[in-house]
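Observations on the three-dimensional arrangement
Below, each chain spelled out in residue letters.
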Amino acid sequence: MPTLTLLCLALLTATPATGAPATPTAAVNAVLDDWHKAAAQAVEARYFGHFTSDAVYLGTDATERWTRDEFRAWAKPYFSKGKAWSFTAVSRHVSFSKDGAVAWFDEALSTPNMGPARGSGVLVKDGDTWKIAQYNLSIPIPNDLLEDFKNRIEAHEKKHTGKKGK
């Protein structure tokens, strides 16, 4: 019995008491996964709590460059209805600055409304917490379809702004 007691004590002392992720990558993944989950559950305070106060969100439309507060105002009706959006990371790559205070990532996303999408962004360490400073949502366009999309975007811009595409 003493051997079993010692084994249990060893296991208890080896487990972090805080339940904090074991690595910086796991910590960043936990924040991003919870952020996506908060949107899927339409928990506005938790979702926007993952941003820095000066965060920027870049959406898929060229006009969608929002500060955290602008994005929150835009998204409020969705959260208020109890249905925001549902993004699930299919894969994710995370890198860190040498001092470990900044992380950047890219992720392939599965979305029910947009199909395959991509997110990328930057997180900064705020004490013991990672916060999203910038997020960029995009829809990857296969190279074989690019010419058609380019032409359609230029026609759309010309129709809506009277300007010729670049």
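All of these numbers come straight from a predicted model, not from anything done at the bench. (Residues numbered from 1 in each chain as written. Predicted model: local features only at pLDDT ≥ 70, side-chain atom pairs only at ≥ 80, totals over all residues. Heavy atoms only, no water.)

Re the nonpolar core
Most often, soluble globular proteins have nonpolar side chains that are buried together. Tyr47, Phe51, Tyr57, Trp85 and Leu123 are the most contacted members of the largest nonpolar core, which totals 30 residues. Going through the elements one at a time, α2 (24–40), α3 (44–49), β1 (51–58), α4 (68–80), β4 (102–110), β5 (117–126) and β6 (129–138) are the ones with two or more residues in this core. (Core = buried A, V, L, I, M, F, W, Y, C linked by side-chain atoms within 4.5 Å. Buried < 20%, exposed > 50% of the residue type's maximum accessible area, 1.4 Å probe, protein only. Helix = DSSP H or I, 4+ residues; strand = E, 2+ residues; numbered from the N terminus.)

Things to note about the pairing of β6
Summarising the sheet, β1 and β6 pair through four bridges and their orientation is parallel. Across the sheet, the residue bridging to Leu58 is Asn136, located in β6. Taken together, the nine bridges between β5 and β6 define a ladder with antiparallel strand orientation. Its bridge partner being in β6, Val124 is matched across the sheet by Lys131. Hairpin connection between β5 and β6: a loop of two residues separates the two successive antiparallel strands, and Gly127 in this loop has a positive phi of roughly 70 degrees. (Pairing = 2+ DSSP bridges.)

Quick notes on the pairing of β5
Across eight bridges, the pairing between β4 and β5 is antiparallel. Counted as the bridge partner of Ala108 is Arg118 from β5. From the end of β4 to the start of β5, which pair antiparallel, there are six residues, and Gly115 there has a positive phi angle of about 80 degrees.

A look at unusual backbone geometry
Here Ala42, not a glycine, exhibits a phi torsion of approximately 55 degrees, which is positive. Examined against the element boundaries, Ala42 turns out to sit in the loop between α2 and α3.

Points about a nonpolar patch on the surface
Together, Ile141, Leu145, Leu146, Phe149 and Ile153 make up a nonpolar patch on the protein surface, roughly 400 Å² of accessible area in all. Relative to the assigned elements, Ile141 resides in the loop between β6 and α5 (146–161). When its relative accessible area of 31% is taken as the criterion, Ile141 is described as partly exposed. (Patch = residues over 30% accessible without salt bridge, like charges linked within 9 Å, V, L, I, M, F, W, Y side chains within 5 Å. Areas by Shrake-Rupley, 256 points an atom, 1.4 Å probe, with all protein chains shown as cover. Salt bridge = Lys/Arg side-chain N within 4 Å of Asp/Glu carboxyl O.)

Observations concerning the sheet that holds β5
Across a sheet, strands are paired by hydrogen bonds formed along the backbone, either parallel or antiparallel in direction. With mixed pairing, six strands are arranged side by side in an open sheet as β2-β1-β6-β5-β4-β3. Of all the strands in the sheet, the pair left with one neighbour each is β2 (65–67) and β3 (88–96). Neighbour-to-neighbour, the strand axes of this sheet turn through a mean angle of 20 degrees, independent of strand direction. Contacting β1, β3, β4, β5 and β6, α2 crosses the sheet at an angle of about 140 degrees to β3. Strands β1 and β2 of the sheet are contacted by α4, whose axis makes an angle of about 105 degrees with β2. (Axes fitted to C-alpha atoms, helices over the stretch in contact; angles between N-to-C directions. Contact = heavy atoms within 4.5 Å.)

So, the side chain of Thr111
Within the fold, Thr111 resides in the loop between β4 and β5. A polar atom in the side chain of Thr111 sits 2.6 Å from the backbone oxygen of Gly115. Ignoring any residue separated from it by four or fewer positions in sequence, one finds Thr111 in contact with Ser86, Phe87 and Ala117. (Polar contact = N/O pair within 3.5 Å; in protein donor to acceptor, adjacent residues only side chain to side chain.)

Observations regarding the confidence of the model for the protein
Mean pLDDT over the protein works out to 88, with 86% of the residues at or above the 70 mark. A low-confidence stretch, residues 3–17 (pLDDT under 50), is modelled with zero contacts involving residues beyond four sequence positions or located in other chains. (pLDDT = per-residue confidence, 0-100.)

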